[in-house]
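Descriptive structure summary
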Amino acid sequence: MLIQPLLLFFFALYSLFSAPDTLLSLPLSLSQSVANTPILPQDSNITTQLTVPVFANYAAQEFPDVDKGRIVWQDARAGATDIYLWSPDLSAASTSSAGTIRNLTNSNEWEVQPAIDGDWVVWKDGYQGIGIHGVNLQSGELFTVTTGQVDLSRPRLSDGTVVWAADSGDGDWNIYGYEIAADRHFVVDNGAGNQADPQIDWPYVVWWDEQEHIDLYNLATGGTTPLLTTHGARLPTVSALDQLVVWQDKRNGNWDLYGFDLLLNQELPLIVAPDDQEAPALANGLLAYQSRTDSSSWNVGLWIRALNQSFLVDRHPGYQTQPAIDGTTLVWQDSRTHQLNIYLYQWLNSIPSVPIPSVAPPANLQVGGQPNAEIILEWEDRSDNEDGFTIERATGITSTTWQPLTDLPPNSSHYTDIAPQVGESYWYRVQAFRQSEVSFYSNESFGTAFAQSPTTDELYLMTLINAARADPAAYGYSDAPPVPPLVYNPLLAYTAHSHSQAILNGAFQFGHCDIIGRCPTDRVRALGYPFNCTENLVTTTTTGPLAMSEANKGFLASSGHRRSMLAADLTEFGVGHTFDPTKGDAGRHGQVTELFCGADAVPIPALPNGIMVPPAAGEPDFTFLANFYSAAGKAPLTATVLIDGATYPMSLLSGVAAHGTYTLKLSLDARVKHNYQFHFIDGDGNDVYWIPPGARLLGDRSVYLPLISKR
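On to the sheet that holds strand β32 (residues 374-380), then. The strand order β31-β32-β35 describes an open sheet built from 3 strands, whose pairing is antiparallel. With partners counted over all chains shown, the strands left at the sheet margins are β31 (363-370) and β35 (414-418), one partner each. Averaged over all pairs of adjacent strands, the angle between their axes in this sheet comes to 20 degrees, without regard to strand direction. One ladder, built from 6 bridges, connects β31 with β32; its direction is antiparallel. For Gly 368, the partnering residue across the bridge sits in β32 and is Ile 376.

What follows is the structure, given as structure tokens:
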């Protein structure tokens, strides 16, 4: 489960963004693909033609850290994420031209978000609950920092001291520390409220709290100093050598970078610009950050304190995030190959000069899929002198083979593509042109084509979800109160279905947030849905009603997923299930995505969902299920289902008469397609109907589950 809105944003891994330019920039961690294929993604938006990956790989490589030339990151090439190390001086079986790569963990459990300092490497993992473990690179000795936690943040490391934020068990997140050599735990801050995302450069620890203030703790003296007591600050970083703390700050309406000089005891504006600057990382007078450029790409930037100047390391229209820096070495995760890989840039004391076109690039490209293989593109036209726009498309979730798709007239801001192949993912980018001059590209984005939604499996799963909301006790959760049903929204269903197929296409290399960082709320907004959403995900090995029933049971058995399913303040939903034996990985070919969103003032139909479930193998009966709801608490006068023109009474399966799930089991010929619709008379004598999408009409009814397009 992932919840985007409100305070839970505190505890998400804050993968944000940035911007800069290069003289020497090359990828390091690109692990070996099946064919060991080098990729050279050269185009006019790359400021350095030396930025080339070593190998292409489906596996996501994320959250890099660097110390004295050695780089660590989390890597999914072996399935469950492991921690990998790149070093110019270690020998290993897998060697690139720039150094050697080895797996530090190589376990069946997951390890993520590493940090390195000297010969120590630590990471977050799932060994015994949520915990932190580490390794001494010299001795190979593994050690435990903490285990059995509810959840915790990415650990940070300096001079053998680890710091992290953790759920204390009472709903508050506090800051904790551990000295590796002394095997000593200590508390940095356990005050009321939440503290988040600590960073350390010994002796200083900095963090932000739920008031969006910045605090500093001195490990040498044991004192805490508030550095910023106004609201709107997050993700601080600190350099003891520079005596400087830097954070991202929203006082101007967007994220800028501000600092605090510890020697002068003075706050400083560092990078204030129209677009967002985020996720600062600081070392040796160099500040790395993620920047939203004028094309709305996320690029990596570098600020040089001695010059008080900043620049974009690379203008590629991909997604460059999570910068880390040590000495003059900058690393980040990068999606330019449409896989997440680790790239490196070496500062050589010279800011490159890059010509800027006179035509402004299109910005904020949004891409989303709809039924009938429609893929909707929408962007901002930020130029006033263009002759038109060129749209380019690349076919395949990891493809970087761009082909011109179409040219559009000036002032264009949207386009609907009919994708050539259902089930495939397509990348898009847009470029403005004026005579022979072209702009930088827009950000790159992708959508996945599908034929229809909701499918029968998706209808069944939605019906099961609303059955559980009506009567949690019937599913074994008597401590949860009944809540009103969720209302189907087709835009949510399209988003969920498209995301499920994209996950299969990407061989499960991303989850709640895709390759370009779109999390649930971002993806639904690509189709014009304006509210915040949470999401449940699960893989499946099969498809059909039994697979949906098992997925539903699994979600309910998990407290976090169950919380989303049964939350009273969530009002709309859509689910997506895809299954393709040629996609996914060796053992998993199915994916379920559930989206739950908090739209305002949503009217709830009396019959929000229904389904005809075909018989399981060896069973004679079809099962008909319908959710009924009366806000006034009035039971229906009649509850029936019309099947092939005949009317059958239904009985209450779970819940209460005014808010429950009704059922009928009936033996039918499984070789024949059957038409059905549900017809209830509510407590006020009104006829209410539910009919499946695309079904043949059987008399008067109110159409529900319409196929709504964004346009």
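Right, picking up where we left off after that structure.
Turning next to the nonpolar core. Membership of the largest hydrophobic core comes to 48 residues, with the highest contact counts inside it found for Phe 624, Met 650, Tyr 676, Phe 678 and Phe 680. Ignoring anything within four residues of it in the chain, the contact list for Phe 678 reads Leu 607, Gly 610, Ile 611, Phe 624, Leu 625, Ala 626, Thr 640, Val 641, Met 650, Val 688, Tyr 689 and Trp 690. Among the nonpolar cores identified, the runner-up in size contains 17 residues, and Trp 298, Leu 340, Leu 504 and Phe 510 belong to it.

Right, let's talk about the environment of Ala 360 for a bit. When you line up the elements, Ala 360 lands in the loop between β30 (341-346) and β31. For Ala 360, a relative accessible area of 28% corresponds to the partly exposed category. Distance in space between the C-alpha atoms of Ala 360 and Ser 383 is 4.8 Å, their sequence separation being 23 residues.

So, about the confidence of the model for the protein chain. On average, residues of the protein chain score 87 in pLDDT, and 88% of them reach the 70 mark or higher. Within the model, pLDDT remains below 50 along residues 90-97, and this stretch shows 12 contacts once partners closer than five positions in the same chain are excluded.

The next point concerns the pattern of salt bridges. Summed over all chains, the structure comprises 21 salt bridges. One salt bridge in this structure joins Lys 68 and Asp 67, with 3.5 Å as the shortest N-O distance. Residue classification places Lys 68 among the exposed positions, given a relative accessible area of 65%. For Asp 67, a relative accessible area of 5% puts it in the buried group. Sharing partners across several salt bridges, the network here consists of Asp 249, Arg 251 and Glu 267.

A few words now on the sheet that holds strand β48 (residues 659-667). The 4 strands lie next to each other as β43-β44-β48-β47, forming an open sheet whose pairing is antiparallel. Unpaired on one side and paired on the other, β43 (609-613) and β47 (651-656) mark the two borders of the sheet. The sheet shows a mean angle of 15 degrees between the axes of neighbouring strands, taken without regard to direction. Where β47 and β48 come together, 5 bridges link them in antiparallel fashion. For Ser 654, the partnering residue across the bridge sits in β48 and is Thr 661. Helix α1 (residues 456-470) contacts β43, β44 (621-629), β47 and β48 of the sheet and is inclined by roughly 125 degrees relative to β43.

Let us look at unusual backbone geometry. A cis amide bond links Trp 202 with the next residue in sequence, Pro 203, at an omega value of 15 degrees. With respect to the helices and strands, Pro 203 occurs in the loop between β16 (195-201) and β17 (204-209). Look at the link from Ser 453 to Pro 454: it is a cis peptide, with omega at 5 degrees. With respect to the secondary-structure elements, Pro 454 resides in the loop between β38 (445-448) and α1. For Phe 63, which is not a glycine, the phi torsion comes out positive at approximately 55 degrees. By the element assignment, Phe 63 lies in strand β3 (residues 61-67). Given a relative accessible area of 7%, Phe 63 falls into the buried group.

In this section: the environment of Ala 273. Locating Ala 273 in the fold gives a position in the loop between β23 (266-271) and β24 (277-283). Under the relative-accessibility criterion, Ala 273 is labelled partly exposed at 25%. Along the chain, Ala 273 and Asp 256 lie 17 residues apart, while their C-alpha atoms are 6.7 Å from each other.

Right, let's get into the state of the cysteines. Scanning the model with the defined rule gives 2 disulfides in all. Through a disulfide, Cys 513 is tied to Cys 519; the S-S separation comes to 1.9 Å. Disulfide Cys 513-Cys 519: torsion about the S-S bond near 100 degrees, hence right-handed. Across the disulfide, Cys 533 is cross-linked to Cys 597 (sulfur-sulfur distance 2.0 Å). Given an S-S torsion of about 105 degrees, the disulfide between Cys 533 and Cys 597 has right-handed geometry. With Cys 533 in strand β40 (residues 533-540) and Cys 597 in strand β42 (residues 590-597), this residue pair connects regions lying 64 residues apart in the sequence. For the protein chain, numbering the cysteines in disulfides from first to last along the sequence yields the connectivity 1-2, 3-4.

To continue, consider the packing of helix α4 (residues 545-557) against helix α5 (residues 559-566). Where α4 contacts α5, the two axes come as close as 5 Å, and the packing angle between them is 105 degrees. With respect to α5, the axis of α4 lies roughly perpendicular. Touching Asn 552, Phe 555, Leu 556 and Ala 557 of α4 are Ser 559, His 561, Arg 562 and Met 565, all from α5.

With that settled, consider α5. Helical periodicity: at 3.6 residues per turn, an α-helix aligns residues three or four positions apart in one direction. Across the 8 residues that make up α5, a large majority, 6, are buried. Buried within α5 are the following residues: Gly 560, His 561, Arg 562, Ser 564, Met 565 and Leu 566.

Glancing now at helix α2 (residues 490-505). Spanning 16 residues, α2 covers 22 Å between terminal C-alpha atoms, matching the ideal 22 Å at 1.5 Å per step. Among the 16 residues of α2, 16 are classified as buried, and the element is accordingly described as predominantly covered.

Attention now moves to the pairing of strand β21 (residues 244-249). Counting buried residues in β21 gives 6 out of 6 residues, a clear majority hidden from the surface. In β21, alternate side chains face the same way, and those of Leu 244, Val 246 and Gln 248 on one face and Val 245, Trp 247 and Asp 249 on the other are all buried. Pairing geometry for strand β20 (residues 233-239) and β21, over 5 bridges, is antiparallel. Considered in β21, the bridge of Thr 237 is made with Val 246. In this antiparallel pair of consecutive strands, β20 and β21, the connection spans 4 residues, and Gln 243 shows a positive phi of 50 degrees. Of the strand pairs in this sheet, β21 and strand β22 (residues 256-261) are connected by 6 bridges, and their pairing is antiparallel. Bridge pairing in β22 links Val 245 to Phe 260. Hairpin connection, β21 to β22: the antiparallel pair is bridged by 6 residues, and Gly 253 has positive phi, about 100 degrees.

Looking now at the packing of α1 against α5. A packed helix pair is summarised by two numbers, namely the angle formed by the two axes and the spacing between the axes. Taken N-terminus to C-terminus, the directions of α1 and α5 make an angle of 85 degrees; their axes are 9 Å apart at the nearest point. One way to sum up the angle between α1 and α5 is to call them roughly perpendicular. Contacts between α1 and α5 pair Ile 465, Ala 468 and Arg 469 from the former with Ser 564, Met 565 and Leu 566 from the latter. Along the lines of polarity and charge, the residues of the contact of α1 with α5 split into 4 nonpolar, 1 polar and 1 charged.

How each quantity is defined
Residues numbered from 1 in each chain as written. Predicted model: local features only at pLDDT ≥ 70, side-chain atom pairs only at ≥ 80, totals over all residues. Heavy atoms only, no water. Pairing = 2+ DSSP bridges. Helix = DSSP H or I, 4+ residues; strand = E, 2+ residues; numbered from the N terminus. Axes fitted to C-alpha atoms, helices over the stretch in contact; angles between N-to-C directions. Core = buried A, V, L, I, M, F, W, Y, C linked by side-chain atoms within 4.5 Å. Buried < 20%, exposed > 50% of the residue type's maximum accessible area, 1.4 Å probe, protein only. Contact = heavy atoms within 4.5 Å. pLDDT = per-residue confidence, 0-100. Salt bridge = Lys/Arg side-chain N within 4 Å of Asp/Glu carboxyl O. Disulfide = S-S within 2.5 Å. Parallel < 35°, antiparallel > 145°, perpendicular 65-115°, else oblique. Expected span 1.5 Å × (residues − 1). Nonpolar A, V, L, I, M, F, W, Y, C, P; charged D, E, K, R; others polar.

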